[in-house]
Amino acid sequence: MTDATTRDTVQREAELYIGGRWVPGGGTDLEVENPATEQVTGVITQASTGDVEAAVAAAKAAFPEWAGRPVAERAAVLRRVRDIVAERADVFADIINREQGSPPKLARALHVDTPIAVVDATIAALERFPFASEIGNSLIRREPVGVVAAITPWNLPLHQVVVKVVPALAAGTTVVLKPAGLTPLAAFELARAFDAAGLPPGVFNLVPGSGRVVGDLLTRHPDVAQVSFTGSTPVGRTIAGVAAETLKRVTLELGGKSASVVLSDATDELLAKAVKITVANCFLNGGQTCTALSRLIVPGHRVEQVEELAAAAAAKYAPGSRLGPLISADQRKEVESFLEPGAGGSAAVTVTSPVDLPAHGFYVTPTVVSRVDPDSRLAQEEVFGPVLSILSAGSDDDAVAIANNSIYGLGGAVWGTDSDAALAAAARMQTGQVDVNGGTFNAGAPFGGYKQSGTGREIGEYGIADVCEIKAVQR
Ligand code: NAD
């Protein structure tokens, strides 16, 4: 993590990447703050509305040629992008350490190595993707939709961009990217990688700026065929409404309140593993992941045992070394509001103790709250910070019902000694992802949510299919 006593490197990005050229941005300057040091670590010039128009026009002009390229050629360009990102992995990790605050090891492993694995999986999916198939006398063609606007959040500054942009480019669409204002710097480095890899002009364009101006313009634009958005559920609702005016296609990857369900047959050993992995998952990236397992649902008679295990596991996440900061002072205030008495219901008790926090940076004490009411604000709303709730269930059916008692449906986990019963419980979880007995992230598997966690799927073949229209040609 950057030492708060030294001055941050200040990355200056005055130019935008539009139509294959770096051009001066026409909007206002924006400072990027390092959330671990509270120092300015970047200054970017945002896009003006004219820049957004130019970027959409460049993407529209580039579309027919890119869409018509043989798959092998698109795969070759993406492979060069992948190699450049891998060669410059330390540069990306340093940028993400500064703009997002992740400790260096995590900045590399989670924020850079994971998106590289996603690129690999997407190239493999592209090479076998069924762009053409047959049903009776019909030829079924999957055709790239046109211009895709990608709008991304701050929690994973490179990964969130890669999971949208790389499958879109693989499919043959062209892209205009608006990264998050709090963490725009990694996207500039990625634009340099696209440029160095020889991506044709206009196929990828970078227009940083506010959601209200740049994001809104992209969502309304008649020449944008699809908006692919990752962010909060409230903004997702706004985007779905605005996109409806032009009946644009939308992919929405939104918030979550994922549950980790321990079934009644779990052995002590499995229970200990479940608690350790759930705490690690909930606190990953300072608790700022959309799939955070923020509710741990356990058999009622084992709550005390789980409280001890969870408190011991949480004590290992020292803020400033293993645990990074929250992204901003506003986010810290929001997370702290979930720690106020009553947020978890009248019976809720905090089982962790306050710890020393670094003098600088937007840190909070990693916290486990037990005996949380399933209908309380703490159990229902996304915290987006290192706060785990423990809830008790009367039976396995009750545990799954509590897990599904949410407007969200993004991730989840199930733990059970009888793996068939655990898989059956996973089938009843109303979520887009479920990890059984510690199953790990698969960079080629579809990613997305049920219910108000969104619509559409990203990554690999599902990510490619998500930006394709389907045409039936009868012969
Ligand atoms: P946010 O919704 O505030 O912003 C996301 C992006 O949308 C930013 O680029 C922002 O500038 C832009 N935006 C804001 N208002 C807009 C508008 N009216 N029109 C167009 N664009 C607009 O989200 P955030 O605070 O950056 O990120 C945190 C949220 O993202 C959390 O809720 C988290 O769960 C969610 N998230 C979801 C996933 C997923 O894959 N499901 C992944 C990561 C984060």
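Residues numbered from 1 in each chain as written. Predicted model: local features only at pLDDT ≥ 70, side-chain atom pairs only at ≥ 80, totals over all residues. Heavy atoms only, no water.

Along any regular strand, the residues point their side chains to alternate faces of the sheet. As paired elements, strand β6 (residues 132-135) and strand β7 (residues 138-144) share 4 bridges and run antiparallel to each other. In the strand pairing of β7, E134 is matched with L139. Where β6 folds back on β7, the antiparallel hairpin that results is connected by 2 residues, among which G136 adopts a positive phi of roughly 55 degrees. (Pairing = 2+ DSSP bridges. Helix = DSSP H or I, 4+ residues; strand = E, 2+ residues; numbered from the N terminus.)

For the protein, the assigned domains read domain 1 (11-254 + 453-474) and domain 2 (258-442). Spacing between the C-alpha centres of domain 1 and domain 2 amounts to 31 Å. Across the boundary between the two partners, domain 1 contributes 26 residues, which contact 24 residues of domain 2. Summing both sides of the interface, domain 1 and domain 2 together bury roughly 1900 Å²; the carbon and sulfur share of this comes to 62%. Interface area lost by domain 1 to domain 2 is led by P35, W154 and S453, which between them contribute 28%. The interface formed by domain 1 and domain 2 holds 0 salt bridges in total. At the junction of domain 1 with domain 2, the criterion picks out 9 residue pairs in polar contact (both at pLDDT 80 or more). (Domains from an automatic or database assignment. Contact = heavy atoms within 4.5 Å. Buried area = accessible area lost by both parts, 1.4 Å probe. Salt bridge = Lys/Arg side-chain N within 4 Å of Asp/Glu carboxyl O. Polar contact = N/O pair within 3.5 Å; in protein donor to acceptor, adjacent residues only side chain to side chain.)

It is worth spelling out the site of the ligand at this point. By nearness alone, 26 residues border the ligand, and T152, S232, L254, C290 and E382 come closest of all. A distance of 2.7 Å is found between an oxygen atom of the ligand and a backbone nitrogen or oxygen belonging to T152. G231 is positioned with one of its backbone polar atoms (N or O) 3.2 Å from an oxygen atom of the ligand. Contact with the protein chains hides 86% of the accessible area of the ligand, taken as 860 Å² for the molecule alone. Of all the secondary-structure elements, those providing two or more residues to the shell around the ligand are α7 (211-220), β11 (226-230) and α8 (233-244). Ranked by residues supplied to the shell around the ligand, first place goes to α7 with 3 residues. For the shell around the ligand, a count of residues per class yields 13 nonpolar, 9 polar and 4 charged. Shared between two domains, the shell around the ligand holds at least three residues of each, these being domain 1 (11-254 + 453-474) and domain 2 (258-442). (Near = heavy atom within 4 Å. Areas by Shrake-Rupley, 256 points an atom, 1.4 Å probe, with all protein chains shown as cover. Nonpolar A, V, L, I, M, F, W, Y, C, P; charged D, E, K, R; others polar.)

For helix α10 (residues 303-314), spanning 12 residues, the distance from its first C-alpha to its last is 16 Å, which sits close to the expected 16 Å at 1.5 Å a residue. Against α9 (268-283), β14 (293-299), β16 (367-370) and β17 (387-393) lie the buried residues of α10. (Expected span 1.5 Å × (residues − 1).)

Our next topic: the sheet that holds β7. In spatial order, the strands read β6-β7-β23; together these 3 strands make up an open sheet with antiparallel pairing. If you trace the sheet from one side to the other, it starts and ends with β6 and β23 (468-474), each paired once. Neighbour-to-neighbour, the strand axes of this sheet turn through a mean angle of 30 degrees, independent of strand direction. One ladder, built from 7 bridges, connects β7 with β23; its direction is antiparallel. Its bridge partner lying in β23, R142 is registered against I470. (Axes fitted to C-alpha atoms, helices over the stretch in contact; angles between N-to-C directions.)

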